[in-house]
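# Architecture at a glance
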Amino acid sequence: MTTTTATAPGKVILFGEHAVVYARPAIAVPVAKVKATATLTDALAGTGCTISAPDICAHIRLSSHQQDPLALAVRLAIEEAGIEAEPDWQITVRSDIPIAGGMGSGAAVSAAMANAVFAHCRFPAHRRPTDETVNRIVYEVEKRHHAHPSGIDNTVVVYAQPVWFVRGQPPQRFDIARPFHLVIADTGVASSTAAVVSDVRRARERDSQVYEEIFDGIGEITVAARQAIASGDVNALGPLMQENQRLLRQINVSSEALERLIAIAEDAGASGAKLSGAGRGGNLICVVESDSVEKVRKALQTGGAVGTVVTQVGS
Ligand code: PMV
């Protein structure tokens, strides 16, 4: 019996969430310290394909759950691989990425499973499905989770690279002249991206001029952040995060828990902090000088964050 394992990282959006749904740019980076891992094992002949996700107590048969997002990722990968009859496989997927926390857990689970299917098929190099193919599959699954995903989550998780992302355009890599540290903190409040994105959509329909101006403002901050990152001007990032957070507040996607932890991080020495992802809960990110990392992390833990991750952007 052969076993194949594949992984995909979590992610955070540094700048530009929500505005990215409306064609403004966003910047996102992978977070390798948290990941989804899919393990695919050949099962006894005739048993079909089963998928287990113990973290969410899910155990499904591929043949009877065609519409389930877990099954969809596997089904699309099987089709892409040209396998016609249902294979006899047991796929187990685990993840330590917070669920519904803005860190791309759904996209990472889909990417890990699609990668495991392709790796298990042992294609010769010239026929091996590309990251672009995996990205297309994961985007299809993302569309099941919420109706209008911009595509940023699947892109950063599949390519596992920092990306400059504009909806409908190929993702671009960008230079990181000087590495910097982020502290990521989880409010512990689960938040549905679909619900927050559709609230923003409705509010924009009511008040389109105000929303378009805010999205333009977020777009300008994102452009400035890219320049700062590319030129090694790390000191500019904190104030840009604060400014981005101010605009996110105006579109009502922050929350008391986020604001409280953002204030704690800044008091403890973070040069700027903002929510990351859909908001109303989930995770916040802070840009922190290396000698303040531990102080900020501890302050966030003591202040009620249910988990923290420290990551370096750039190497
Ligand atoms: O909460 P997340 O990690 O799924 O991030 C969503 C980012 C949004 O810009 C709010 C939506 C999107 O599709 O880009």
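That block above? That's the structure.
Residues numbered from 1 in each chain as written. Predicted model: local features only at pLDDT ≥ 70, side-chain atom pairs only at ≥ 80, totals over all residues. Heavy atoms only, no water.

The description of two packed helices rests on the angle between their axes and on the distance between the axes. At a closest axis distance of 10 Å, the pairing of helix α6 (residues 208–231) and helix α7 (residues 237–250) adopts a crossing angle of 165°. Considering their axes alone, α6 and α7 lie roughly antiparallel with respect to each other. Crossing handedness for the pair α6 and α7: left-handed. Contacts between α6 and α7 involve Tyr211, Ile214, Gly217, Ile218, Ile221, Ala224, Ala225, Ala228 and Ile229 on the former and, on the latter, Leu237, Leu240, Glu243, Asn244, Leu247, Leu248 and Gln250. Per-class residue counts for the contact of α6 with α7 are 12 nonpolar, three polar and one charged. (Axes fitted to C-alpha atoms, helices over the stretch in contact; angles between N-to-C directions. Helix = DSSP H or I, 4+ residues; strand = E, 2+ residues; numbered from the N terminus. Parallel < 35°, antiparallel > 145°, perpendicular 65-115°, else oblique. Left-handed = near helix turned anticlockwise from the far one by under 90°. Contact = heavy atoms within 4.5 Å. Nonpolar A, V, L, I, M, F, W, Y, C, P; charged D, E, K, R; others polar.)

Summed over the entire model, instances satisfying the criterion amount to three aromatic pairs. Ring centres 6.0 Å apart and planes at 75° place the aromatic pair Tyr211 and Phe215 in the edge-to-face group. Remark: Phe215 and Tyr211 occur in helix α6; sequence separation between them is four residues, near one turn of the helix. The exposure class of Tyr211 is buried, given its relative accessible area of 7%. Taken together, the ring pairs connect Tyr22, Tyr211 and Phe215 into an aromatic cluster. The aromatic ring of Trp164 is capped on one face by Arg226, whose charged end is 4.7 Å from the ring centroid. (Phe/Tyr/Trp six-rings, centres within 6.5 Å; stacked < 30°, edge-to-face > 60°. Buried < 20%, exposed > 50% of the residue type's maximum accessible area, 1.4 Å probe, protein only. Lys NZ or Arg CZ within 6 Å of the ring centre and 35° of its normal.)

What follows is about the site of the ligand. In the region of the ligand, 16 residues are neighbours, and Lys11, His18, Ser150, Asp153 and Ala278 sit closest. Between an oxygen atom of the ligand and a side-chain N or O atom of Lys11, the distance comes to 2.5 Å. One of the side-chain N or O atoms of Asp153 is found 2.9 Å from an oxygen atom in the ligand. Taking 380 Å² as the accessible area of the ligand by itself, protein coverage stands at 95%. Sorting the residues of the shell around the ligand by element identifies β1 (3–15), α4 (152–159) and α5 (193–206) as the ones contributing at least two each. (Near = heavy atom within 4 Å. Polar contact = N/O pair within 3.5 Å; in protein donor to acceptor, adjacent residues only side chain to side chain. Areas by Shrake-Rupley, 256 points an atom, 1.4 Å probe, with all protein chains shown as cover.)

Our next topic: the nonpolar core. In terms of nonpolar packing, the biggest core is built from 108 residues, with Leu14, Met113, Cys286 and Leu300 touching the most fellow members. The leading source of residues in this core is helix α2 (residues 105–121), at 10 residues. Setting aside anything within four residues of it in sequence, one finds Leu300 in contact with Val183, Ala185, Leu261, Ile264, Ala265, Leu284, Cys286, Ala305 and Thr308. (Core = buried A, V, L, I, M, F, W, Y, C linked by side-chain atoms within 4.5 Å.)

Turning to helix α9 (residues 293–302), its buried residues number three or more, namely Val293, Val296 and Leu300. Taken around the axis of α9, the buried residues stretch over an arc of 75°, which confines them to a single face. Of the residues in α9, the exposed ones pointing more than 90 degrees away from the buried face are Lys295 and Thr302. On its buried face, α9 is in contact with β7 (180–186), α8 (256–267), β9 (283–288) and β10 (307–313). Backbone geometry just after α9 places Gly304 at a positive phi near 115°. (Arc of directions from axis to C-beta.)

Let us look at the sheet that holds β9. With antiparallel pairing, the four strands of this open sheet are ordered in space as β8-β9-β7-β10. The open sheet is flanked by β8 (272–276) and β10, the only strands paired with a single partner. For this sheet, the mean inter-axis angle between neighbouring strands, taken without regard to orientation, is 25°. Note: β7 against β10, seven bridges, orientation antiparallel. Note that in β10 the partner of His181 across the bridge is Gln312. (Pairing = 2+ DSSP bridges.)

Okay, α6 next. Counted at 1.5 Å a residue, the expected span for α6 with its 24 residues is 34 Å, and the 35 Å between its end C-alpha atoms agrees. Tyr211, Ile214, Phe215, Gly217, Ile218, Gly219, Ile221, Thr222, Ala225, Ala228 and Ile229 are the residues of α6 that are buried. The elements touched by buried residues of α6 are β1, β2 (26–42), β6 (163–165), β7, α5 and α7. (Expected span 1.5 Å × (residues − 1).)

This part covers the pairing of strand β4 (residues 58–61). Burial along β4 is one-sided: the residues Ala58 and Ile60 are buried and none of His59 and Arg61 is. Hairpin connection from strand β3 (residues 49–53) to β4: four residues lie between these consecutive antiparallel strands, with Cys57 at a positive phi of about 55°.

Nothing here speaks to function; it is all geometry.
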